[in-house]
Amino acid sequence: QVELVESGGASVQAGGSLRLTCAASEYTKCMGWFRQAPGKEREGVGYIDGDGRIEYAEFAKGRFTISQDTAKNTVYLQMNITEPEDTAVYYCAAGRLPERFMDKLWPGYNFFTGVTWSYWGRGTQVTVSS
């Protein structure tokens, strides 16, 4: 079992910044940030893995940055230029690529749905007011 604990969620005014942290109990190759707003489906925010791949949802590009520390057991999500639409519970997840797709990835591969996300944190609330 991999334990994931998110922190850093808070209430900010639109345009403000937040830095979310995901502390993992052990290294997992694939890490991701997801979010879910009330009444909406969960959606991917950012992805990072041990091969150096980084991917973002379109709404996050240019505003959010995902990173991890040298030990690869802590993942961050820097949120800048926040918007009210960013209000949601943000979740950290850990997983792996399906074995059948290893070394068979293609341009445009969706890591948010193409990774087996086995572990999830409990989430941290982010509220952006206008």
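Described below are features of the structure shown in this document. What you are looking at is a predicted structure, and each value in this text was computed from that prediction instead of being measured.

**Examining the side chain of R35**
- Looking at where R35 falls in the secondary structure, it is placed in strand β4 (residues 30-36).
- For R35, a relative accessible area of 6% corresponds to the buried category.
- At a separation of 2.9 Å, a polar atom in the side chain of R35 contacts the side chain of Y90.
- Each residue touching R35, except ones within four places of it in the same chain, is listed here: E41, R42, E43, V45, F59, F64, E85, D86, A88, V89 and Y90.

**Notes on the sheet that holds strand β3 (residues 18-24)**
- Reading across from one edge, β1-β3-β8-β7 is the order of the 4 strands in this open sheet, with antiparallel pairing throughout. One side of each edge strand has no neighbouring strand; the edge strands of this open sheet are β1 (4-7) and β7 (64-68). Between one strand axis and the next, the sheet turns by 15° as a mean value, whatever way the strands run.
- In terms of strand pairing, β7 meets strand β8 (residues 74-79) through 5 bridges, oriented antiparallel. The residue bridging I66 from the neighbouring strand is L77, located in β8.

**What to know about the environment of I48**
- Among the structural elements, I48 can be located in strand β5 (residues 43-49).
- The class for I48 is buried, based on a relative accessible area of 6%.
- The spatial distance from the C-alpha of I48 to the C-alpha of G62 is 16 Å, given a sequence separation of 14 residues.
- Beyond its immediate stretch of four places on either side in the chain, I48 contacts K29, C30, M31, R53, I54, I66, S67, Q68 and V75.

**Digging into the state of the cysteines**
- In the structure shown here, the tally under the stated rule is 1 disulfide.
- Residue C22 pairs covalently with C92 via a disulfide, S to S 2.0 Å. In this structure the cystine formed by C22 and C92 twists about its S-S bond by roughly -75°; its chirality is therefore left-handed. Linking C22 in strand β3 with C92 in strand β9 (residues 88-96), this pair joins segments that are 70 residues apart in sequence. The pair C22 / C92 is uniform in exposure class, with both members buried.
- There is no disulfide at C30, and the cysteine sulfur nearest it, in C92, is 12 Å away.

Definitions and cut-offs
Within any chain, residue numbers begin from 1 and follow the written order of that chain's sequence. Given that this is a predicted model, residues contribute local features only at a pLDDT of at least 70 and side-chain atom pairs are listed and counted only at 80 or more, while totals for whole chains, interfaces and linings are drawn from all residues. Working from all heavy atoms in the structure, the side-chain values ignore hydrogens and water. The way it works is that DSSP assigns letters per residue, a run of H or I at least four long becomes a helix, a run of E at least two long becomes a strand, and they are numbered from the N terminus. The buried label applies to any residue whose accessible area, calculated with a 1.4 Å probe on protein chains only, is under 20% of its type's maximum; exposed applies above 50%, and partly exposed to all values in between. Distance and chemistry together define a polar contact, namely a pair of N or O atoms within 3.5 Å, with one atom able to donate a hydrogen and the other to accept it when in protein, and with adjacent residues in sequence counting only for side-chain atoms on both sides. By the convention used here, residues are in contact when the closest approach between their heavy atoms is within 4.5 Å. For two strands to be treated as a pair, DSSP must find no fewer than two bridges joining them. Only the stretch in contact is used when a helix axis is fitted, and all axes are lines through C-alpha atoms; the angle between N-to-C directions ranges over 0 to 180 degrees. Throughout, disulfides are identified as pairs of cysteine sulfur atoms within 2.5 Å of each other.

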